[in-house]
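An overview of the molecular structure
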Amino acid sequence: MCNPEEAALLRLEETFSATLARIDSLVLQPLLLATPEPSDPWGRECLRLLQQLHRSSQKLWEVTEESLHSLQERLSHPDSIGLETLLLLRGADHVLQVHMEYIESYTSCVVVQAFQKIAKRRSEYGQNQRKVLRQFLSDVSLEGTAGPTLVEALRQPLTHHMQQYVLLLLSLGDTIKERHPARELVVHAATLFGNLQSFMRQALDQAVATQALWPTLSSRLRDVLCSPAHRLLQDSQDIPVTVSPLRAQRVLLFDDTLVLLQGHHVHTFDLKLVWVDPGQDGCTFQVLTPEEEFSFCAKDPQGRVVWQWKVTQAVSQALRGKKDFSVLGAGPEPPEPPACRCVQYTFRMKGRLCQATYEGEWCRGRPHGKGTLKWPDGRNHVGNFCQGLEHGFGIRLVPQAAEDKFECYKCHWWEGNMCGYGVCEYSTDEVYKGYFQEGLRHGFGVLESALQAPQPYKYTGHWERGQRSGYGIGEDGDRGERYIGMWQADQRHGLGVVVTQAGVCYQGSFQADKIVGPGVLLSEDDSLYEGTFTRDLNLVGKGKVTFPNGFTLEGSFSNGAGRGLQIQGVLDTAALPPDPSSIRKRQLGLGAFPVESRWQGVYGPFRDFVRASCPGDLQEALLGFHTQSSRELRKSQEYLCCQRTHPKDSKSSIEDILEELLRHRDPKALQPYLRKALSNSLHPLGKLLCTLMLTFQATYAGVGANKHLQDLAQEEVKQHAQELWAAYKGLLQVALQRKGQALEEEEDAETRALWVHGLVLPLILPSFYPELFTLYLLLHEKEDSLYSQGITNLSLFPDTKLLEFLDVQKHLWPLKDLTLTTNQRHSLVRDKCFLSATECLQKIVTTVDPREKLEVLERTYGEIEATVSRVLGREHKLPMDDLLPLLIYVVSRARIQHLGAEIHLIRDMMDPMNTGGLYDFLLTALESCYEHIQKEDMRLYRLPSRWGSRDRW
């Protein structure tokens, strides 16, 4: 069964559909056809609005027809088609939207008086259509012009229709039982159309009020403000309000704009970028905009309430994009507009942001959060903002005069300036990676030119207020030189060391980038000069040369153009050749640059990070980040979207790191944890190690690979181990503090040294090993060459002959280990005796850890003793007199290259706790073997004449 209300709805839809059809055919279409294409802009705008109204009327008629059809189907088959199938119920939101579009089109025409202007252009239209318009109106006089009559003829049918909709839907809801499946739909539809009725009344009132505003304005102001989209919400002529400091003569609040009129000047403010603050007294409230702040003062508290409420609700409406706010005092209060918003705005006032367009997040009139800033000259900044200033990570592109040239700054910012870690790529193809303060390079940083630059250079070190200052490494690719030392005001100043590609090393003093006073120069052949120099390291003035053979030359040196080096002095040839160990001790830089203070710019940010309790939001700013250099992308806006390879939430990341650190405090778990942390470039310890590796390579790789810098390098590695252990302890203290646990007591120097040398140094040594071991190779090159000659000669001996030559007692010879083939004699077997010990010793080069190298040496000693015990048939402990020749035999058969470099590296880097123990004893024995093999009788030994070539091989 169908309700009477459904039949009434059917009749209502039939009537409204027929009315819309007649309006379209008798009013709108004739009006459009009778109107030629206007030549003036306002005429064309009015015609556009009428065309839009016509399209909205068509859509409204179509949805009414659909609703009518669904009602007819329901009434024809009430048993099979339920009430919930009605379009008015199941598609209430869609029907509502179509009505709102029609109301919007209609009120836009009313605002700009489009009907009156069109009718005025075609006066015959009004005369011919009076009878037609009469059928759409009731109780309305048709006297006067056709414009107002047309306005009323289009409004009245819709108003009547809305009233009937609401009444019938409410009545239908009363007739349906509580549990009926369609009841909720009916109540929802009744509520929607009730709201629509209120909305329509508001929209019509606003349109009429806006239409009435235009005649009160001057033509100049009217041309600026008159728009079909504007709806007047409040006028200061109705409720007076004064604005300071602008002293506006009139205030107009539209649905999308706040307008302040001051003479002929119009100040407009987008409501999406307006914030309202309650005032300190009952008559005042504050309005915040991106560039200005105003104080609104009403005559009485009631006026202030009205203005503040309407501005606040207009802002909410503008942000929602829906014209559905309620009347003051009617119904529940809508929520306050959010303080944080996402809007686009172009700055107009003078200043650094003049003409710049910001798109992103705002808070209380200031860019705040993530956003993009674009200037007309092509500058772009994308990143984080705080209270209107760049703050946090951001990327800025700055175009240069040259075509397709940009400077790109990927940095952390603090209150509008670069501060913290950043990567900057300049239009000159230079790249800077390091720290900033107040927009200037400050702290540790690396500045490098392009490889193809005419004069390539690189600086790795400390900066102060944008200039190189403090300890740093400067590499001049054009001159083939590297400077290691102190800087001031972008110049070499203080003690420094210069290393050249030719292997020449100089240490002395610099002032304003020039060599001053005496210095020391070491050549590749170990000649030593002490005296004064030119900038090109030419000898000049008084000095003394000590040659590798011990001869000395002391006197005055000069270096004229085309004349070569001229000397007046005394040559002393009576001196004995110097001890090779004394030549090796000629190391530069020691004492000149205290190891504790060299890289404070690297350690300092980490200490600051720990001292601040490891805040997650400062993790990147203090410890740096990793980005790929993408010069190709700088030409496009895509470059602004470049991502750092770091966790999305750095705050939670540092919390996870500290949690894991606490779980691995046990000594057994600490070593694998530190190994994992140091190998992870996203871990604070891993980041610190990466930076230290960079400084080490910048100092000692390439041109810096000079044997006279070996001590400087090895003490630096040890210092890095100490700093990394201190960094770990600092993180541990922060983790304990966050958990409220008791902090660890500060360890004594002996305990600290135990952890540093026994745990940290072996873990970090692989990171520095290539450069460090190269220095050891160069420093011990001569000894290793003699050792290599000795090994070559000893390798010619068969096993038994070599054992005999080394004076190994025959009862210790492992002849039973030799497996002879037919026609083979013991005297011809080679590389078979003590084979297990030989193979064990060869493993010493497979690791970089000094402790593991010593363990290999210990196992080798064990293999030698095991072989001797097997030969003797009993356990036997070798005395030193027996061990040394056997160890020489094993070393000669192992044929380890650069054994001298290996031995000295182990000696320098081994744990001091091993001094005086078994490891120290075994290393001393290996050193003795190394020295014996270098001796002349080993290198130049002539095999007995009775050995023929066949016997040798």
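Throughout this document, residue positions are counted from 1 along each chain, in the order its sequence is written. Local features are withheld for residues below a pLDDT of 70 in this predicted model, meaning they are given only at 70 or higher, and side-chain atom pairs are given and counted only at 80 or more; totals for whole chains, interfaces and linings count all residues. Processing note: side-chain calculations cover all non-hydrogen atoms of the structure and skip hydrogens and water entirely.

Overview of the overall build of the protein
Helix numbers and strand numbers start at the N terminus; a helix is a DSSP run of H or I with at least 4 residues, a strand a run of E with at least 2. Each helix and strand in the protein was counted, giving 27 helices and 27 strands. Partly exposed describes any residue whose relative accessible area lies between the buried limit of under 20% and the exposed limit of over 50%, with all areas from a 1.4 Å probe on protein chains only and scaled to the type maximum. Relative to its full complement of 953 residues, the protein shows a buried share of 50%. Pairs at least 24 apart in sequence give 54% of the contacts found in the protein among residues at least 6 apart. For every accessible area listed, the method is Shrake-Rupley and the probe measures 1.4 Å; residues are considered covered only by the protein chains on display. Put simply, the protein shows about 45500 Å² of open surface, and 51% of that area lies on carbon and sulfur atoms. Residue contacts are counted whenever heavy atoms from the two residues lie within 4.5 Å of one another.

Here we look at the side chain of Thr-159
Tracing the chain through its elements places Thr-159 in helix α7 (residues 146-175). A polar atom in the side chain of Thr-159 sits 3.0 Å from the backbone oxygen of Arg-155. Nitrogen and oxygen atoms within 3.5 Å of one another constitute a polar contact, given that in protein one can donate a hydrogen and the other can accept it, and given that sequence-neighbouring residues count only through two side-chain atoms.

A few points about the packing of aromatic side chains
Think of it this way: a Phe, Tyr or Trp ring, Trp meaning its six-membered ring, pairs with another when their centres are within 6.5 Å, and the plane angle makes it stacked under 30 degrees, edge-to-face over 60, tilted otherwise. For the coordinates displayed, the defined rule picks out 32 aromatic pairs. Ring plane angle 20° and centroid distance 6.2 Å describe the contact between Trp-214 and Phe-254, whose orientation is recorded as stacked. Residue Trp-214 is found in the loop between α8 (183-213) and α9 (219-225), and its partner Phe-254 is found in strand β3 (residues 250-254); the two are separated by 40 residues along the sequence. Each of the two residues, Trp-214 as well as Phe-254, counts as buried. Ring centres 5.1 Å apart and planes at 85° place the aromatic pair Tyr-358 and Trp-362 in the edge-to-face group. Take Tyr-358: its relative accessible area is 0%, and that puts it in the buried class. Of the residues examined, Trp-362 reaches a relative accessible area of 0% and is grouped as buried. What links up through ring pairs into an aromatic cluster is the set Tyr-432, Phe-436, Tyr-459, Trp-463, Tyr-483, Trp-487, Tyr-506 and Phe-510. Our definition puts a charge over a ring when NZ of Lys or CZ of Arg is within 6 Å of the ring centre and also within 35 degrees of the ring normal. When the ring centre of Trp-275 is taken as reference, the NZ or CZ atom of Arg-341 above it lies at 4.1 Å. For Arg-468, the ring lying beneath its charged end belongs to Tyr-459, and the centroid distance is 5.6 Å.

Thoughts on the sheet that holds strand β4 (residues 257-262)
As summarised here, the arrangement of the 4 strands in space is β1-β3-β4-β5, forming an open sheet in which the pairing is antiparallel. Because the sheet does not close on itself, it has two edges, and the strands there are β1 (232-235) and β5 (265-270). With direction set aside, neighbouring strand axes in the sheet form an average angle of 20°. DSSP bridges decide pairing: two strands pair if at least two such bridges lie between them. Alignment of β4 against β5, held across 6 bridges, turns out to be antiparallel. Residue pairing in the sheet places Leu-258 in a bridge with Phe-269 of β5. Here an axis means a line fitted to C-alpha atoms, over the contact stretch when the element is a helix, while the angle between two N-to-C directions is reported on a 0 to 180 degree scale. Each of β1 and β3 touches α8; the most contacted strand, β1, lies at about 55° to it.

Focus: the side chain of His-54
Among the secondary structure elements, His-54 is positioned in helix α2 (residues 41-76). Contact partners of His-54, with chain neighbours within four places excluded, come to Asp-24, Leu-28, Gln-29 and Leu-32.

Quick word on the sheet that holds strand β8 (residues 293-298)
With antiparallel pairing, 4 strands are arranged side by side in an open sheet as β2-β8-β7-β6. In this open sheet, the two strands that pair with only one neighbour each are β2 (241-244) and β6 (275-278). Pairs of neighbouring strands in the sheet enclose a mean axial angle of 25°, with direction left out of account.

Regarding the environment of Asp-572
Tracing the backbone shows Asp-572 in strand β27 (residues 564-572). Placed 18 residues apart in sequence, Asp-572 and Glu-554 show a C-alpha to C-alpha distance of 8.4 Å. Leave out the neighbours within four places in its chain, and Asp-572 touches Phe-551 and Thr-552.

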